[in-house]
Amino acid sequence: MSEALVASQTAGTDLSVPAVSGARQFWRRLRVQRAALVAAVVVALLVLVALAAPLLTAIEGQDPFTYHPSLIDSARGGVPTGSFGGITGDHWLGVEPQTGRDLFARLAYGARVSLGVALGATVVQVFIGVVIGVAAGLGNRWVDQVLSRITDIIVAMPLMIMSLALLAIVPNSFPRPLLVAGVIGLIAWGNVAKIVRAQTLTLKELDYVAAARLSGWGTWRIARRELLPGLAAPVITYSALLFPMNISAEAALSFLGVGVKPPTPSWGQMLTAADVWYQAAPQYLLLPAGALFVTVLSLTVLGDGVRTALDPRAASRLRVGTGRKREAKADASGKKVAVDPGSGRSTVDPSINTIKSADANGGKEDPA
């Protein structure tokens, strides 16, 4: 915030009361959401597995690329030998059909690829979207019109079709995970730019930005010092929701055969090879599909929790446990709450207020 405005607002203010930092307020609001905390733990475990994939596979004694033909029953078309897809002490989750490659190792290394591609795509989307959105919001009418029309074109582009076209013409020698992250990021930044532009138009009308202009600050200094801190909350919130969308996009592109190429492990690429084995070796399909489902669900729930913690005025879509909290809060204020088990909404019973009014009026009900 501008020094001039800070000085004017703090004049005559009691500074002896310490202000609670934004990070502490965010954590205080987030930790009351149990679903978001559970999702955060799941995401942290998935990230830990991805980062520690070489160590975990070394403990198992396997790697994601070695073939084990002795563990495959060629007479049955390449189905893994043994029970439950070949699960043993040496292969914790069994082996792949036809190849015999270790499934745990490929899932762990696939987490690195899937999460890494989604993270890279999200960073590209946020960077381009923030730059374009701030430039459109602070620019003159012509700059705003040109950048807004470009953003509309980007938003109108179908992500999957454009990605398929771009990935199909790039040589296979180019690093595929880096290429997929770049293509997703370059095509899907339009919504970020729209959000940032709208927020910039709102923030630049506030008093502290006007005080910065009166202080002689330039446009980009105002953007860096005044607007970007105000844009942090909506950008972080939307980024948390973009991450699971990018994981799903990478899995879909790999499933269609234009994403990560074998032998590099990826959850989407594993699903591509597993679509014909759902009866003979169902674990080969269920493990990567389950990993994708848990990851996307956890990131979506965590993103909703981050959104609510950053903007406490917005009601969370996760209604778990909120009925009891409303009831306890209303009981503390002397009101009776009836919670509808179907919708989870609470209603205040006016009978208690009527009784209290009657007692105050000597046994007569208050007509009001």
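For the structure, check the block above.
Each value, and the rule that gives it
Residues numbered from 1 in each chain as written. Predicted model: local features only at pLDDT ≥ 70, side-chain atom pairs only at ≥ 80, totals over all residues. Heavy atoms only, no water. Core = buried A, V, L, I, M, F, W, Y, C linked by side-chain atoms within 4.5 Å. Buried < 20%, exposed > 50% of the residue type's maximum accessible area, 1.4 Å probe, protein only. Helix = DSSP H or I, 4+ residues; strand = E, 2+ residues; numbered from the N terminus. Contact = heavy atoms within 4.5 Å. Patch = residues over 30% accessible without salt bridge, like charges linked within 9 Å, V, L, I, M, F, W, Y side chains within 5 Å. Areas by Shrake-Rupley, 256 points an atom, 1.4 Å probe, with all protein chains shown as cover. Salt bridge = Lys/Arg side-chain N within 4 Å of Asp/Glu carboxyl O. Expected span 1.5 Å × (residues − 1). Arc of directions from axis to C-beta. Polar contact = N/O pair within 3.5 Å; in protein donor to acceptor, adjacent residues only side chain to side chain. Axes fitted to C-alpha atoms, helices over the stretch in contact; angles between N-to-C directions. Left-handed = near helix turned anticlockwise from the far one by under 90°. Nonpolar A, V, L, I, M, F, W, Y, C, P; charged D, E, K, R; others polar.

*Asks:* Go over the nonpolar core, please, and point to the residues and values.
*Replies:* By size, the foremost hydrophobic cluster in this structure holds 25 residues, and its most contacted members are F243, I247, W267, Y284 and L292. Where this core is concerned, the elements lending two or more residues are α3 (34-51), α5 (103-138), α11 (219-255), α12 (267-274) and α13 (282-310). Element by element, the count of residues in this core is highest for α13, at seven residues. Other than its neighbours up to four places away in sequence, I247 contacts S114, L115, A118, L292, T295, V296 and L299. Among the nonpolar cores identified, the runner-up in size contains 17 residues, and V130, L203, A212 and W217 belong to it.

*Asks:* Describe a nonpolar patch on the surface, with residues and values.
*Replies:* Residues V41, L45 and L48 make up a contiguous nonpolar surface patch of roughly 290 Å² in combined accessible area. Assignment of secondary structure puts L48 in helix α3. Here L48 falls in the exposed class, since its relative accessible area comes to 53%.

*Asks:* For helix α6 (residues 141-156), give the residues involved together with the corresponding values.
*Replies:* What sets the pattern is the α-helix's 3.6 residues per turn: residues three or four places apart point alike. With 16 residues, α6 extends 22 Å from end C-alpha to end C-alpha; this agrees with the ideal 22 Å at 1.5 Å per step. Along α6, the residues that are buried comprise D144, L147, S148, T151 and I154. For α6, the arc enclosing every buried residue in end-on projection is 120 degrees, short of the 170-degree limit, so these residues lie on one face. Summarising the geometry of α6, the exposed residues directed more than 90 degrees from the buried face are R141, W142, I153 and A156. The N-cap residue of α6 is N140: its side-chain oxygen and the backbone nitrogen of W142 are 3.2 Å apart.

*Asks:* Before we move on, can you summarise α12 with the specific residues and values?
*Replies:* Extensive coverage of α12 is indicated by the burial of six of its eight residues. All of the buried residues in α12 are W267, G268, Q269, M270, L271 and A274. In this fold, the buried residues of α12 make contact with α5, α11 and α13.

*Asks:* Any chance you could break down the packing of α12 against α13 for me, citing the residues and the numbers?
*Replies:* Two elements in contact, α12 and α13, have axes whose closest approach is 9 Å; the angle formed by their N-to-C orientations is 145 degrees. Remark: the crossing between α12 and α13 carries left-handed chirality. Contact with α12, carried on its side by W267, M270, L271, A273 and A274, involves Y284, L285, P288, A289, A291, L292 and T295 of α13 and no other residues of that element. Partitioning the contact of α12 with α13 into residue classes produces eleven nonpolar, one polar and no charged.

*Asks:* So what about the pattern of salt bridges? Which residues, and what values?
*Replies:* Per the counting criterion, the structure on display carries six salt bridges. Between K194 and D152 there is a salt bridge, and its shortest N-O distance comes to 2.7 Å. A residue pair is termed long-range when its members are at least 10 positions apart, and K194 in helix α9 (residues 190-203) and D152 in helix α6 qualify at 42 residues. Between D304 and R307 there is a salt bridge whose closest N-O contact spans 3.1 Å. In this pair, D304 and R307 both sit in helix α13, three residues apart, roughly one turn of the helix.

*Asks:* Kindly report on the environment of A240, identifying the contributing residues and their values.
*Replies:* Mapped onto the elements, A240 comes out in helix α11. Leaving out residues up to four positions away in the same chain, A240 has contacts with L299 and G303.

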